[in-house]
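One letter stands for each residue in the lines below.
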Amino acid sequence: MQTMGPRMKRFTMVFANFASAIYCALLAWRGAVNAIRATQVGEVWAAALVDIPVWPTRWFFPAGAALAAVVFLLVALRYLSDPKAVEFDSSASHYKD
């Protein structure tokens, strides 16, 4: 990214964050489909004496993927609305030459 111009850096960051948001949204959608199915059947693990409900834990993955999608989308919108955001983020790098 050091050899890219400011416009190319901005385009790259916006594209990467939008693509990541779409990917995470798709993961959240498919995870929610599986979680809904597990909730409807009341999925459990049979233990020695009791059945342990598993279906509530099936919601962690789609919830996390949905939150990640929102964060990626907000970051992309930040880069779109503030052209200097990419330059500021690049200057904050911990790996300076």
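This one's a predicted model, so the numbers in the text were calculated from it and none came from an experiment.

Calculation rules
Residues numbered from 1 in each chain as written. Predicted model: local features only at pLDDT ≥ 70, side-chain atom pairs only at ≥ 80, totals over all residues. Heavy atoms only, no water. Phe/Tyr/Trp six-rings, centres within 6.5 Å; stacked < 30°, edge-to-face > 60°. Helix = DSSP H or I, 4+ residues; strand = E, 2+ residues; numbered from the N terminus. Buried < 20%, exposed > 50% of the residue type's maximum accessible area, 1.4 Å probe, protein only. Lys NZ or Arg CZ within 6 Å of the ring centre and 35° of its normal. Axes fitted to C-alpha atoms, helices over the stretch in contact; angles between N-to-C directions. Parallel < 35°, antiparallel > 145°, perpendicular 65-115°, else oblique. Left-handed = near helix turned anticlockwise from the far one by under 90°. Nonpolar A, V, L, I, M, F, W, Y, C, P; charged D, E, K, R; others polar. Patch = residues over 30% accessible without salt bridge, like charges linked within 9 Å, V, L, I, M, F, W, Y side chains within 5 Å. Areas by Shrake-Rupley, 256 points an atom, 1.4 Å probe, with all protein chains shown as cover. Salt bridge = Lys/Arg side-chain N within 4 Å of Asp/Glu carboxyl O. Expected span 1.5 Å × (residues − 1). pLDDT = per-residue confidence, 0-100.

Glancing now at the packing of aromatic side chains. In this description, a pair of aromatic rings is defined by centroid distance and the angle of the planes. All chains considered together, the criterion is met by one aromatic pair. With 6.2 Å between their ring centres and 20° between their planes, F11 and F15 make a pair best called stacked. Residue F11 and its partner F15 are both found in helix α1 (residues 6-41); the two are separated by four residues, about one turn of the helix. Overall, F11 belongs to the exposed group, its relative accessible area being 52%. Note on F15: relative accessible area 54%, which makes it exposed. In this structure, R30 packs its charged tip against the face of W29, placed 5.4 Å from the ring centre.

Another point: the packing of α1 against helix α2 (residues 60-81). It is at 7 Å that the axes of α1 and α2 come closest, and there the two elements cross at 160°. Between α1 and α2, the angle falls in the class roughly antiparallel. Crossing of α1 over α2 shows left-handed handedness. For the contact of α1 with α2, the per-class residue count stands at 23 nonpolar, four polar and one charged.

So, about a nonpolar patch on the surface. Side chains of V70, L73, L74, L77 and L80 sit close together on the surface and give an oily, nonpolar patch of about 420 Å² of accessible area. Checked against the element boundaries, V70 lands in helix α2. You can call V70 partly exposed: its relative accessible area is 44%.

To continue, consider the pattern of salt bridges. If you walk through the whole model with that rule in mind, you get one salt bridge. The closest approach of N and O atoms between R58 and E43, which form a salt bridge, is 2.8 Å. One end of the pair, R58, is in the loop between β2 (51-53) and α2; the other, E43, is in the loop between α1 and β1 (44-46), and 15 residues separate them in sequence. Here E43 falls in the partly exposed class, since its relative accessible area comes to 24%.

Turning our attention to α1. Its 36 residues give α1 an end-to-end C-alpha distance of 52 Å, which sits within 8% of 52 Å, the value for a rise of 1.5 Å per residue. Taken together, the buried positions of α1 are K9, V14, N17, A21, C24, A28, G31, A35 and A38. Phi for G42, located one or two positions after α1, is positive at around 65°.

With that out of the way, let us pick up the confidence of the model for the chain. Summarising the model, the chain shows a mean pLDDT of 88, and 88% of its residues fall at 70 or more. Averaged over each element, pLDDT in the chain is lowest for helix α3 (residues 84-91) (68) and highest for α2 (96).

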